[in-house]
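Notes for the structure review
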Amino acid sequence: MPEKLFSAEDRKTIIAAIQEAENNTSGEIQVHIENHCRIDVLDRAAEVFETLKMHQTKERNGVLFYLAVLDHKFAILGDGGINAVVPDDFWEKIKDHMASLFREQKFTQGLIDGILMAGKELAAHFPHQGDDDENELPDEISFGS
């Protein structure tokens with residue numbers, strides 16, 4: 001069960017990072033964790049992205065942090081609205097930073113840092129809309145098998 005890989009406190013901290021990032025942007029961030037990824041990691045992340053209906057945000061500004069923990073694979077997938085405005089190496093820089101923390105077994109910190117890094121860039125391109133900003137996707141972590 002992938003839920004058991006992160007303590008309740010770790011999960012609360014990750015969710016708090018999502019909420020902190022989203023307080024400055026209209027972008028939507030989600031985290032999905034499962035044990036295994038049996039196909040290409042980006043293909044699996046795209047499946048999860050669609051399953052979670054992340055492609056249906058108004059500004060196409062959703063970001064998925066996908067982890068297959070037992071297979072040691074992860075991906076960051078941004079929707080088309082984001083990819084049209086961020087630098088070409090944007091996701092790779094975040095992924096490299098997260099990977100360095102993951103190698104040190106700092107999985108929670110890796111996720112938090114990645115979420116906050118993405119949130120900072122999202123805020124520059126998709127600022128928070130104040131009272132009109134709708135939280136289009138849940139902030140909870142989703143889990144697969």
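Structural data are supplied above this passage.
Here's a quick rundown of the structure.

Moving on, we come to the pairing of strand β3 (residues 73–78). Moving residue by residue along a regular strand, the side chains alternate between the two faces of the sheet. A large share of β3 lies buried, amounting to five of its six residues. One ladder, built from six bridges, connects strand β2 (residues 62–68) with β3; its direction is antiparallel. Looking at β3, one finds that valine 63 is bridged to glycine 78. Connecting β2 to the next strand, β3, in antiparallel fashion are four residues, including histidine 72 with a positive phi near 55 degrees.

Across soluble globular proteins, nonpolar side chains show a tendency to be buried alongside one another. Of all hydrophobic cores here, the largest spans 30 residues; its most connected members are Ile14, Val31, Phe65, Trp91, Leu111 and Ile115. Those elements that place two or more of their residues in this core are α1 (8–22), β1 (28–34), β2, β3, α4 (90–103) and α5 (107–125). Setting aside residues up to four positions removed in sequence, isoleucine 14 forms contacts with Phe6, Val31, Thr108, Leu111, Ile112, Ile115 and Ile141. If you look at the next biggest cluster of nonpolar residues, it comprises 12 residues, including Cys37, Tyr66, Ala75 and Leu77.

What follows deals with the environment of glutamate 20. Tracing the backbone through its elements, the reader meets glutamate 20 in helix α1. Residues glutamate 20 and alanine 75, spaced 55 residues apart in sequence, show a C-alpha to C-alpha distance of 21 Å.

Within the structure shown, the criterion is met by three aromatic pairs. Aromatic side chains phenylalanine 102 and phenylalanine 107 sit 5.4 Å apart centroid to centroid with 40 degrees between the ring planes, which places their arrangement in the tilted category. Note on phenylalanine 102: relative accessible area 10%, which makes it buried. With relative accessibility at 29%, the residue phenylalanine 107 sits in the partly exposed group. Through a chain of ring-to-ring contacts, three or more aromatic side chains come together here, namely Phe74, Phe102 and Phe107.

Cut-offs used in this document
- Residues numbered from 1 in each chain as written.
- Predicted model: local features only at pLDDT ≥ 70, side-chain atom pairs only at ≥ 80, totals over all residues.
- Heavy atoms only, no water.
- Buried < 20%, exposed > 50% of the residue type's maximum accessible area, 1.4 Å probe, protein only.
- Helix = DSSP H or I, 4+ residues; strand = E, 2+ residues; numbered from the N terminus.
- Pairing = 2+ DSSP bridges.
- Core = buried A, V, L, I, M, F, W, Y, C linked by side-chain atoms within 4.5 Å.
- Contact = heavy atoms within 4.5 Å.
- Phe/Tyr/Trp six-rings, centres within 6.5 Å; stacked < 30°, edge-to-face > 60°.

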